[in-house]
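# Analysis of the macromolecular model
Okay, here's what each chain looks like letter by letter:
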Amino acid sequence: MSYVEATPLGARARRRRILRRRFLRRPAAVISLLIVVGAVLAAAFARWVAPYSPDATDFNALLSGPSREHLLGTDDLGRDTLSRIIWGARASIQAGFLATVLAMVVAVPIGLIGGYYRGWLDTAIARVTDVLLAFPFLILAVGLAAILGPSLLNATLALGIAAVPPLIRIARGETLALREEDYVRAAVANGANDAVIIGRHILPNMTSTLLVQATLTIPAAIIGEAVLSFLGLGVQPPTPSWGVMLNAAQPYLNEAPGLAVYPGLAIVIVALAFNLLGDGLRDVLDPRTER
Amino acid sequence: MSGPLLEVEDLSVRFDTDEGSVHAVDRMSLSLEPRQVLGVVGESGCGKSVTALSIVGLLPKTAKVTGSVRFEGLELLAASKSELRRVRGRQISFVFQEPMTSLNPVFRVGHQIEEVLREHMNLSRAAARQRVVELLDLVHIPDPARRAEEYPHQLSGGMRQRVMIAMALGCDPKILIADEPTTALDVTIQAGILDLLRELRDRLGTAIVLITHNLGVVADIADRVVVMYAGRKAEEAPVGELFAHPQHPYTIGLLGAVPRAGAAARNGRLQEIPGRVPSLSELPTHCAFADRCPRADEQSWSEVPVLRQVRPDHAVACFHPGEQ
Amino acid sequence: MSGDAQPVLEVEGLVKHFTVGGRVGGGGRIVHAVDGVSFSIAPGEVLGLVGESGSGKTTVGYCVNRLYEPTEGTIRLDGADITHLSRRGLRPHRRRMHIVFQDPYSSLNPRMTCGQIVGEPLRLHGLARRRGVDARVVELFDAVGLRSELRFRYPHELSGGQRQRVGLARALSVGPDLLIADEPVSALDVSVQASVLNLMRDLQADLGFSCLFISHDLATVEFLCDRVAVMYLGKLVELAPREELFARPQHPYTQALLSAAVVPDPEIQRNRRRVVLEGDIPSPIEPPSGCRFRTRCPLEHESAPRSTEEEPPLVDVTGAGHLVACHLVRRGAEAPRLAEAPAELAGAADH
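Residues numbered from 1 in each chain as written. Chains lettered and ligands numbered in written order. Predicted model: local features only at pLDDT ≥ 70, side-chain atom pairs only at ≥ 80, totals over all residues.

So, on to the overall build of chain A. Of the regular secondary structure elements, chain A holds 14 helices and 0 strands. In sequence order, chain A lays out its α and β elements as α-α-α-α-α-α-α-α-α-α-α-α-α-α. In terms of its C-alpha atoms, chain A occupies a principal-axis envelope of roughly 75 × 55 × 25 Å. For chain A, buried positions account for 43% of its 291 residues. Of the contacts made within chain A by residues no fewer than 6 positions apart, 70% connect residues no fewer than 24 positions apart. (Helix = DSSP H or I, 4+ residues; strand = E, 2+ residues; numbered from the N terminus. Buried ≥ 20, exposed ≤ 12 C-beta atoms within 10 Å, placed from the backbone. Contact = placed C-beta atoms within 7 Å.)

So, on to the overall build of chain C. The helix and strand inventory of chain C stands at 13 helices and 12 strands. In terms of overall dimensions, chain C is globule-like: its C-alpha atoms have a radius of gyration of 21 Å, near the 20 Å expected for 351 residues. Here the C-alpha coordinates of chain C stretch approximately 65 × 60 × 45 Å along the principal axes. When the 351 residues of chain C are sorted by exposure, 51% land in the buried category. Sequence separation of 24 or more characterises 67% of the internal contacts of chain C that already satisfy a separation of 6 or more. (Rg over C-alpha atoms; globule rule 2.2 N^0.38 Å.)

The next subject is the packing of helix H3 (residues 27–44) of chain A against helix H5 (residues 81–117) of chain A. Residue and element names in this part refer to chain A. In contact at an axis separation of 8 Å, H3 and H5 are set at 110° when each is read in the N-to-C sense. Comparing the axis directions of H3 and H5 gives the class roughly perpendicular. Contact residues: H3 offers Ala-39, Val-40, Ala-42 and Ala-43, while H5 offers Ile-86, Ala-89, Arg-90 and Ile-93. Taken together, the residues of the contact of H3 with H5 break down into 7 nonpolar, no polar and 1 charged. (Axes fitted to C-alpha atoms, helices over the stretch in contact; angles between N-to-C directions. Parallel < 35°, antiparallel > 145°, perpendicular 65-115°, else oblique. Nonpolar A, V, L, I, M, F, W, Y, C, P; charged D, E, K, R; others polar.)

Each partner contributes residues to the interface: chain C has 40 residues there, and chain B has 40 residues. Of all the secondary structure elements, the ones that give two or more residues to the side of chain C that touches chain B are helix H6 (190–207), helix H7 (218–224), helix H9 (252–260), helix H10 (266–271) and helix H13 (342–349) of chain C. Counting residues per element, the side of chain C that touches chain B draws most heavily on H6(C), at 7 residues. Taken together, the residues of the side of chain C that touches chain B sort by class into 24 nonpolar, 9 polar and 7 charged.

Residues and elements named next belong to chain A. Within the secondary structure, Thr-57 sits in the loop between helix H4 (46–49) and H5. Considered as a pair, Thr-57 and Leu-77 are 20 residues apart in the sequence and their alpha carbons are 6.0 Å apart. The contact partners of Thr-57, leaving out residues within four places of it in the chain, are Leu-77, Gly-78 and Arg-79.

Here we take up the sheet that holds strand E4 (residues 63–71) of chain B. Note on sheets: strands pair through backbone hydrogen bonds, and any given pair is parallel or antiparallel. Residue and element names in this part refer to chain B. Read from one edge to the other, the open sheet built from 4 strands follows the order E2-E1-E4-E5, with strand pairing classed as antiparallel. Each end of this open sheet is capped by a strand with a single partner; those strands are strand E2 (20–32) and strand E5 (74–75). Bridge count between E4 and E5: 2 bridges; the pairing is antiparallel. When the sheet's bridge partners are listed, Arg-70 is paired in E5 with Glu-75. (Pairing = 2+ DSSP bridges.)

Time to look at the confidence of the model for chain C. Mean pLDDT over chain C stands at 90; residues scoring 70 or higher make up 96%. Interface confidence for the predicted complex, given as ipTM, is 0.87, next to a pTM of 0.88. (pLDDT = per-residue confidence, 0-100.)

Residue and element names in this part refer to chain A. Secondary-structure assignment places Thr-215 in helix H12 (residues 207–230). Thr-215 gets classed as buried once you count the C-beta atoms within 10 Å, which come to 21. Here the alpha-carbon distance between Thr-215 and Ala-171, two residues 44 residues apart in the chain, equals 15 Å. Setting aside residues up to four positions removed in sequence, Thr-215 forms contacts with Phe-274, Leu-277, Gly-278 and Leu-281.

In low-pLDDT segments, the atomic positions of the prediction should not be examined closely. Confidence along chain A averages 87 in pLDDT terms, with 94% of residues attaining 70 or more. Contacts of residues 1–6 of chain A to residues separated by more than four positions or lying in other chains number 6 contacts, the stretch itself having pLDDT below 50.

With that settled, consider the sheet that holds strand E9 (residues 224–229) of chain B. Residues and elements named next belong to chain B. Read from one edge to the other, the open sheet built from 8 strands follows the order E6-E7-E8-E3-E9-E10-E12-E11, with strand pairing classed as mixed. The open sheet has two edge strands, strand E6 (92–95) and strand E11 (308–311), and neither has a second partner. With strand direction ignored, the average angle separating the axes of adjacent strands in the sheet is 20°. Sheet strands touched by helix H7 (residues 157–169): E6 and strand E7 (175–179). Its angle to E6, the strand with the most contacts, is close to 170°.

All right, on to the nonpolar core then. Ranked by internal contacts, the top residues of the largest apolar core, which has 272 residues, are Val209(B), Leu178(C), Leu212(C), Phe213(C) and Ala229(C). Looking at this core element by element, the count peaks at 13 residues for H5(A). Dropping the residues within four chain positions of it, Leu212(C) is found in contact with Ile41(C), Leu47(C), Leu49(C), Gly61(C), Val64(C), Leu178(C), Ile180(C) and Ala181(C). (Core = buried A, V, L, I, M, F, W, Y, C linked by C-beta atoms within 7 Å.)

Looking now at H7(B). All names here are of chain B. The end-to-end C-alpha separation of H7 is 18 Å, in line with the 18 Å expected for 13 residues at 1.5 Å each. Most of H7 is tucked away, with 11 of its 13 residues classed as buried. Turning to H7, its buried residues are Gly-158, Met-159, Arg-160, Gln-161, Arg-162, Val-163, Met-164, Ile-165, Ala-166, Met-167 and Ala-168. On the buried face of H7, the contacting elements are E6, helix H3 (99–102), helix H4 (109–121), helix H5 (125–138), E7 and helix H8 (187–204). (Expected span 1.5 Å × (residues − 1).)

Phi at Ala230(B) takes a positive value of approximately 50°, unusual for a residue other than glycine. Positionally, Ala230(B) belongs in the loop between E9 and strand E10 (232–238). The phi angle at Leu233(C) is positive, at roughly 50°, despite the residue not being glycine. Here Leu233(C) shows up in the loop between strand E9 (227–232) and strand E10 (235–241).

Below, the discussion takes up the packing of H3(A) against helix H14 (residues 258–284) of chain A. Pairs of packed helices are described in terms of their axes, by the angle between the two and the distance that separates them. All names here are of chain A. Closest axis-to-axis distance for the H3/H14 pair is 8 Å, and the angle between their directions is 130°. When the axes of H3 and H14 are compared, the pair comes out oblique. Once H3 is placed against H14, the crossing between them reads as left-handed. Residues Ala-28, Ala-29, Ser-32, Leu-33, Ile-35, Val-36 and Ala-39 of H3 form the contact with H14, whose participating residues are Ile-269, Val-270, Ala-273, Phe-274, Leu-276, Leu-277 and Gly-280. Partitioned by chemical class, the residues of the contact of H3 with H14 number 12 nonpolar, 2 polar and no charged. (Left-handed = near helix turned anticlockwise from the far one by under 90°.)

Residue and element names in this part refer to chain B. With respect to the helices, strands and loops of the structure, Gln-36 is situated in the loop between E2 and strand E3 (37–41). Under the C-beta neighbour-count criterion, Gln-36 is labelled partly exposed, with 19 such atoms within 10 Å. Separated by 169 residues in sequence, Gln-36 and Gly-205 have C-alpha atoms that sit 8.4 Å apart. Beyond its immediate sequence surroundings of up to four residues, Gln-36 is in contact with Ala-207, Asp-223 and Arg-224.

As structure tokens, this is what we get:
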């Protein structure tokens, strides 16, 4: 074994290499990753990627089909659909990521504490979570958004909070399993306090599962944002968002179905890509690789 | 005297995984006579389980199997699906190591055995039920009629293993392959299972292939022993001969590594075999044991040792066989 | 084994019950994992604790190490009562005892390097600082026969035997007076077991720690231990110096256990008398009344009806530290012999 391989960097690098190889053997995961990265970059650099500004109107081409100037056509105000989709990605992806981050930050500590300390606190957490899990994610999100009032920020908050119960369940489940591992017992025998045990022994061993879950929560949040915006509870027009576009497309379904189809496709493709990416990650990070 | 029941010749198994190839078994040969108990001994990774699974065709699709496995003349590796189904479970049956996971938890125990019987032997429900009770009695499960109505989780580990054996014997197979049947059981329960296997061989004439890492188990019940290392056969002999005159340094090492109760081994050290089992990702072109062997020399490092008879009915794959 | 020096460990009347399947208000059933066990370990002594599933041996080990809190009884480590100390109160005592686990795969945190794992107790107890930790870790790796470069590797890159050595290094890093070894070699291959057992014996001889060695394998126990205790269903049934136990086992269960252990010698194995126990090990949720072994004891007919009503007390039958809990074994008299003792068999092999 060369010296490089013996150092901790060597060990980590080797593991990353193996994981990368496994990932690259899964075409679905690779394509999904490309789509996700593409969508994120397009949203981030919308100003340069989109051919037009989302508000730019073109009264010569109202409700037109695909053409050379407007690749995906225009809406009733002559705004370019493609550009609006690209700009709309910002709202969707922002909401998707931020809602997920918020949910993790809230859910993981709750699940950790309940699962680790058990007792009445854990029972309370588990029961409350069970009750909340009875509500479908979207219903909870819609309810919360209605209370908070319509705006992208509030929609993100609502989605984040609605995503908390399933994440608590996952975090708690992982904690319950991990605390029975012998290395946690060894840490207790070492004289470690709870903070060390949770921080060094339990949490780091959950990260694969949490990463996969995050990757699967994002598409739910993206769809959720679209739903909320469609219902008028999220992004308010004229700010573009896929949900807003779907709403605006309703009166024109016969004349210009593209106004609904294209944003709809965008939602489906991006959400599907995140889902497949999450599946792929889960396969690649399978505990088999730990041994 | 008729020929061997089972003849495995030049069996090789390779797995192609994400991380490369694993040559689990390399040109393995075995033969099993009627009424014989053949013990296949080796540590983890030696290929003994893979060999057994390839006989009954239970390996995953990632396995590439070459060689020949002949049961009463029929070539199993080339057999059609229907031929294989007739043999598997009916003529050659398998008992797994973990009785916890090899029984379906949602079906009653009797029902599971019935299923096997009706599949292979076309029995009516009533006849099958009766046979189930007979079988459970055969494996010494007390109150068999009542036990047949219980679920696996209601039985202890030892009982579950007996149920597995009963299921394996249901169709009166010629060969019973048992893969580490007692490893997961307590010592006192293990003794009972070994006694049972011995009794079954005596009463029913079933030949048994017993796969284990435990030399004591082999000493207890086997007629003939095959020692495997790194996917290859290292040594083969009748049981008394192997223990009294081990030839391969690996076998000698294994025998020396086991502490024996009652022996004044307190002051002696246990025999260690330095190093570890080689990775099976490449087929070595030399003796697989060379890096751990005190007798290794140039020849060991440049050629693969072939099985040779060094004593009557005692074959070794080693360039320097001998008891010391 | 001198009686004068203060014992490293004193366990008195240890009881540990678990409740299973209850609702928040109660209604669960009690698992009698350990039901009144007492023993002590002298400085430098290795005590073997043997039993099958349900015997409670692992529970005893975990109670001693305070991974569980005993339901009743006392545990004294170096004279200090640690039975009900809080986590913080236990901290200073944790330097004096440590534990090695059975499963080499789950006993090491997969996210830490082996060096970090072995160094953690040093840091936690403030036994070394920064560079001092690494130096000490290198020493420990060397002591357990591991190349020091391995301290940068992750556990999954090591073999089972190597991982157990890391576990040993971790346990010994604090310089404990008592090492609890819970089946440390059971999950390893035979050839690897030998090297780890040799290592443990060498370390014990060099460092002089006491050891509670838990195992189901009597031959291994005999190799390492000075005294041996046998447990069945939560109770101690026999406790004797090593040679005594293997030459003159008294309790029928001990005899059955010894008889059931297969010997890698076909001549001996096939010609010896066997003690076959009927039935299964009863569940610790409802242990048999009186003598817990009576449901499987080949001599039950001789001890009935007393065995159903009365629990046999643990008595010293030779006056020299050979304790047996059996109605049929009386002080000064020989217990009924069910099979040859291992010492006999081993003696026979030499001919």
